[in-house]
Amino acid sequence: MFAYYFQLGLRSLRRNPALTALMVMAIGFGVAASMTTYAVFRAVSGNPIPGKSAQLFTPLVDNWGPQQNLQGEPPDALDYVDAMALMRAQQAKRQTLLYQVQMSVLPGGDRDLPVSANGYAVYGDFFPMFDVPFQYGSGWSAQDDEARSSDVVISAQLNQKLFGGVNSVGRTVNFSGHDYRVVGVTRPWDPKPRFFDLFNTTGFKDASDFYMPFTRAQDLQMRSNGGNSCRGSLTFTGWEDYRQSNCVWITAWVELDSAAAVARYRRFLEGYASDQQKAGRFAWSPNVRLYDVMQWLDVRRVVPPESRISLLVALGFFAICLVNTIGLLLAKFLRRAGEIGVRRALGASRREIYAQYLIEAGTVGLAGGVLGLLLTAAGVAGVGVLFPPQIAKLAQLDMSLVGLTLLVAIIATVLAAFYPAWRAARVQPAWQLKSN
Amino acid sequence: MTLHPILAALRKHKAGVVLIAMQIALTLAIVCNAVFIIGQRIERVNRPTGLDESNLFLITQQWVDAPGEDTPGGVDKLDAMQLEDLAALRQVPDVVSVAPINSMPLLDSSWNGAIASKPGDTQFRGKSVTRTTYYFSDDQMLPTLGVRLVAGRAFNAGDVGHQGFRDQRDPDIVILTKALADKLFPNGAVGKAVYLNGGNKPVTVIGVVERMQVPYAGGGDEVAWNSTLIPTRLNANFARYAVRTKPGRLDDVMRAVTPALYKVNPMRVLDDDSVRSFTEIRDKAYRADLGMAILMGVVCLILLCVTAAGIVGLTSFWVGQRHRQIGVRRALGARKIDILHYFQIENLLIAGSGVVIGVLLAVGLNQWLMSHYEMTRIPILYVLTGVLAMLAIGQAAVFVPARRASNVPPVVATRAV
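None of the values given here were measured: they were computed from a predicted structure.

**Student:** Which parts of the structure should I look at to understand the overall build of chain B?
**Tutor:** On a plain count of helices and strands, chain B comes out with eleven helices and 14 strands. Classification of the 417 residues of chain B by burial places 45% in the buried group. Within chain B, counting contacts between residues at least 6 apart in sequence, those at least 24 apart form 82% of the total.

Shown next, in the form of structure tokens:
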């Protein structure tokens, strides 16, 4: 029966073509608008490291105090003193500090002018903590951190540029006038949003080119290429003054396996801040935070407001299209009251009529979904108009989106058809036959 | 014509009436707010930077083997390199003026702090202290950017110093924007002392410029022009230079500066992104705002079409259903115009109830947006315009089916369907 009703549904698409076209277009536009904005929303609000997002935490310590912090919240990064104290304490299974550095590199080949390379100064734990995949070699060890060695891990892209993509482990590369030994080449790796560096970025940036030891970067007095935030009237010159100042520029991450470990680390943070208070460095009681990845994304408001508002508008738009569809389906079905009367008189039950019209609505939904799919493809391609390119290129029409588009179109239309189909099923056969 | 028969007839079509009214209400709510958002975004994009934006471009470059800022004499060496670049840029044909600068309006890279008319004040309470953005440049800044001085004097060559990029040191003199000066000193700022970042060192205001926007595009009007200009060159392994060219010579000069700088020192990073005209900077800063406006515009347009089409569809259905009754009315003496008016008034009633609910929804949605996003109260004018537009669309949509109804011949009454 399903196949037959489906066939009837297809045939009725051709009846009152204007009305049908209107419905199909309303559903198509509605679902396309929703799906396009949803594709962007999904891209920006996704979990960048699904397996470990609940085990990675970024600690924050209020080193500015209630007079100068932002509405009682600690700054979004650490100053050098606190960062090093947390790092030396080794209270977590793994831990790293990181900040953004920019260097220049001579690409070799036919180009003899330097290009810039963006990367991070990190500790060796960075790579296992964040599951960085390697093509060649690996990260460096804790001994290398301590030895402050001139190691570097480069991205597949930079490896392609510098060494033509061959295994370059052990080769030397010159960044900004200093030699570094390549110890590893990552596979293309660029979690979106870039959860580990939300202090310097809004979560979306071109992939990093390299990672170098934090300790080595400190020896070279490399300053952060990213954010730097200071409070109060400061007067200083020089590197050591800067490192001892209240300027925040370092992000810390720790890996904590269990709830007990998290609680322990939290106590350690509180204890550290209270020690600082006792030592007279802080004139306020401990004010610390420990955010996991998803909380941190939320705190830093990674999802752009454009994305949320446009998703909302699109959903409202879809709702209107559905209300419209209810009205049009009502008109389409009741126009055939006579036909329904005949069927009922010939013995069809209400349930049969109900099923037939729901399936017919389903075919309308399917047609709308196909149109919606085409429009979604166009919309996803045009997302670049609304969002910055780094975000726009994340929105893609993959199989799950195709399936979702069709599914949403059909389900929404069938839902919208409940009332019109119910009205159709209630048509009185006697009355219809009499008036004929 | 009395309303009673219309109301009585509508009672028979509750579902259709509710659907049309609901659709009109939702459309009104969304379109009002969407148009309001478009208006706000366009207003923001049209906010003046205070700069003479034509014939202006920015170079951002980085030296490869620059001395560290903290090595002995490093800052001085960096400054010498910067001065050398500036001299070379001034030699490029058709360059009018060049200034080193740490950022530009709309560039989204800023050095922010607090500025107060009293020492030691960092609490943002009262009128004596406010947030500000610092621009570090030299005596060529005002002519290069095309910013107009309205009081006091501009920096001269003797005022200009230099310091390491991350060094923190209060300057002796500053120039404020008019917006900032008026906030701190309603009776004239020139010659007065300001205190930066809660410090105690008095810094003299020597001049006031008409307007200069801060580097971030998204801020509200209350901070958008709070700039403080400091006569200091910042020295680091990178530098930014603003360049003003002779009218119409922008593209040529933009092409000519790269070789000129490479000639001074080839060991630097200077690629396609390094030389950007102010137009590009502006486009990038407002890309999201413009995109949002376009999206909202498209959504509104489709929404209005869908709603109008829905009204046409349902009214056509009603006309078909009442074919015979219309024939009877015509046979009993109703004129064509009476039938036309009947459907028009019917639509007006439905749309009228729809817009009443729609106004409530629109205000509610606006309240919700205000509590969740940076949004202001929607002016009543937007809502009223929306109401009139919805009623007009309803009337336009109903016209075609209503005219078809009015063309039903009286003879239909005599036929048994």
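That was the structure; now back to the text.
**Student:** Could you clarify how one ought to interpret the domain arrangement of chain B in this entry?
**Tutor:** Looking at the assigned domains, one finds that chain B contains domain 1 (4–45 + 288–414) and domain 2 (66–266). Placing the centre of domain 1 of chain B and that of domain 2 of chain B at their C-alpha centroids yields a distance of 55 Å.

**Student:** It is not clear to me how the packing of helix α2 (residues 14–45) of chain B against helix α10 (residues 336–372) of chain B should be interpreted in this structure. Could you clarify?
**Tutor:** Axes are the key here: two packed helices are described by the angle between their axes and the distance separating the axes. All names here are of chain B. The N-to-C vectors of α2 and α10 enclose an angle of 40°; their axes lie 7 Å apart at closest approach. Between α2 and α10, the interaxial angle falls into the category oblique. Considering only the axes of α2 and α10, their crossing is right-handed. Of the residues that constitute the contact of α2 with α10, the class distribution is 18 nonpolar, five polar and no charged.

**Student:** Before we go on, may I ask you to explain the interface of chain A and chain B in this structure?
**Tutor:** Interface size is commonly expressed as the accessible area that is lost once the parts come together. Contact with chain A, which involves 51 residues of that partner, is made by 50 residues of chain B. When contributions to the side of chain A that touches chain B are tallied by element, the ones reaching two or more residues are α2 (17–45), β3 (115–122), α8 (239–244) and α11 (305–334) of chain A. In terms of residue count, α11(A) provides more of the side of chain A that touches chain B than any other element does, 17 residues in total. Split by residue class, the side of chain A that touches chain B holds 30 nonpolar, 18 polar and three charged.

**Student:** Just checking my understanding: could you explain helix α1 (residues 2–14) of chain A for this structure?
**Tutor:** Under the 1.5 Å per step criterion, the end-to-end length of α1(A) is 19 Å for 13 residues, consistent within 8% with the ideal 18 Å. Immediately beyond the C-terminal end of α1(A), within one or two residues, lies A:Asn16, with a positive phi of roughly 25°.

**Student:** In this structure, what is going on with the pairing of strand β10 (residues 227–230) of chain B? I would like to understand it.
**Tutor:** Residues and elements named next belong to chain B. Covered by surrounding structure in β10 are Ser227 and Leu229 together with Thr228 and Ile230, the residues of both alternating faces. Relative to β10, strand β4 (residues 129–136) runs parallel, the two sharing four bridges. For Phe136, the partnering residue across the bridge sits in β10 and is Ile230. The sheet contact formed by strand β7 (residues 173–177) and β10 spans two bridges and is antiparallel.

**Student:** Explanation requested: the nonpolar core in the structure shown.
**Tutor:** Note that soluble globular proteins tend to have their nonpolar side chains buried in a common cluster. Formed by 180 residues in total, the largest nonpolar core has its most connected members in A:Ala121, A:Phe317 and B:Leu28. When residues of this core are assigned to their parent elements, the largest contribution, 18 residues, is made by α2(A). Excluding its chain neighbours within four sequence positions, the residues that come into contact with B:Leu28 are B:Val355, B:Gly358, B:Val359, B:Ala362, B:Gly386, B:Val387 and B:Met390. B:Val75, B:Leu196, B:Trp225 and B:Tyr286 belong to the second largest nonpolar core, which has 67 residues in total.

**Student:** What exactly am I supposed to notice about the UniProt feature "transmembrane region" (unreviewed entry) in chain B here?
**Tutor:** All names here are of chain B. Residues annotated by UniProt as "transmembrane region" (unreviewed entry) correspond here to residues 15–38, 292–319, 348–369 and 381–400. When the span residues 348–369 is considered, its composition is 100% helix and 0% strand, and the gap between its end C-alpha atoms is 30 Å. Secondary structure across residues 381–400 divides into 100% helix and 0% strand, with the first and last C-alpha atoms of the span separated by 30 Å.

**Student:** For this particular structure, what's the right way to read helix α3 (residues 80–89) of chain A?
**Tutor:** For an α-helix the count is 3.6 residues per turn, leaving residues at separations of three or four pointing the same way. Residue and element names in this part refer to chain A. Among the residues of α3, Tyr80, Asp82, Ala83, Leu86 and Met87 are the ones counted as buried. Where α3 is buried, its residues contact β1 (56–61), β2 (94–105), α8 and β9 (251–255). Immediately beyond the C-terminal end of α3, within one or two residues, lies Gln90, with a positive phi of roughly 50°.

**Student:** For this particular structure, what's the right way to read the packing of α10(B) against helix α11 (residues 380–406) of chain B?
**Tutor:** Residue and element names in this part refer to chain B. At their nearest, the axes of α10 and α11 sit 8 Å apart, and the two run at 150° to each other. Taken together, α10 and α11 sit at an angle that is classed as roughly antiparallel. Where α10 crosses over α11, the two elements pack in a sense that is right-handed. The residue makeup of the contact of α10 with α11, split by class, is 16 nonpolar, seven polar and two charged.

**Student:** Can you walk me through the environment of B:Leu388 in this structure?
**Tutor:** Residue and element names in this part refer to chain B. For Leu388, the location among the structural elements is in helix α11. Residue class for Leu388 comes out exposed when judged on the 11 C-beta atoms lying within 10 Å of it. Residues Leu388 and Asp138, 250 residues apart in the sequence, show an inter-C-alpha distance of 55 Å.

**Student:** Mind showing me how you'd approach the domain arrangement of chain A here?
**Tutor:** Residue and element names in this part refer to chain A. As assigned here, chain A comprises domain 1 (2–47 + 305–429) and domain 2 (63–255). The centre of domain 1, based on its C-alpha atoms, is set 49 Å off from the matching centre of domain 2. With six residues of domain 1 in contact, the opposing surface of domain 2 contributes five residues. Secondary-structure elements contributing two or more residues to the side of domain 1 that touches domain 2 are α2 and α14 (389–392).

About the criteria used
- Residues numbered from 1 in each chain as written.
- Chains lettered and ligands numbered in written order.
- Predicted model: local features only at pLDDT ≥ 70, side-chain atom pairs only at ≥ 80, totals over all residues.
- Helix = DSSP H or I, 4+ residues; strand = E, 2+ residues; numbered from the N terminus.
- Buried ≥ 20, exposed ≤ 12 C-beta atoms within 10 Å, placed from the backbone.
- Contact = placed C-beta atoms within 7 Å.
- Domains from an automatic or database assignment.
- Axes fitted to C-alpha atoms, helices over the stretch in contact; angles between N-to-C directions.
- Parallel < 35°, antiparallel > 145°, perpendicular 65-115°, else oblique.
- Left-handed = near helix turned anticlockwise from the far one by under 90°.
- Nonpolar A, V, L, I, M, F, W, Y, C, P; charged D, E, K, R; others polar.
- Expected span 1.5 Å × (residues − 1).
- Pairing = 2+ DSSP bridges.
- Core = buried A, V, L, I, M, F, W, Y, C linked by C-beta atoms within 7 Å.
- UniProt positions renumbered as here; feature names shortened; annotations may be inferred.

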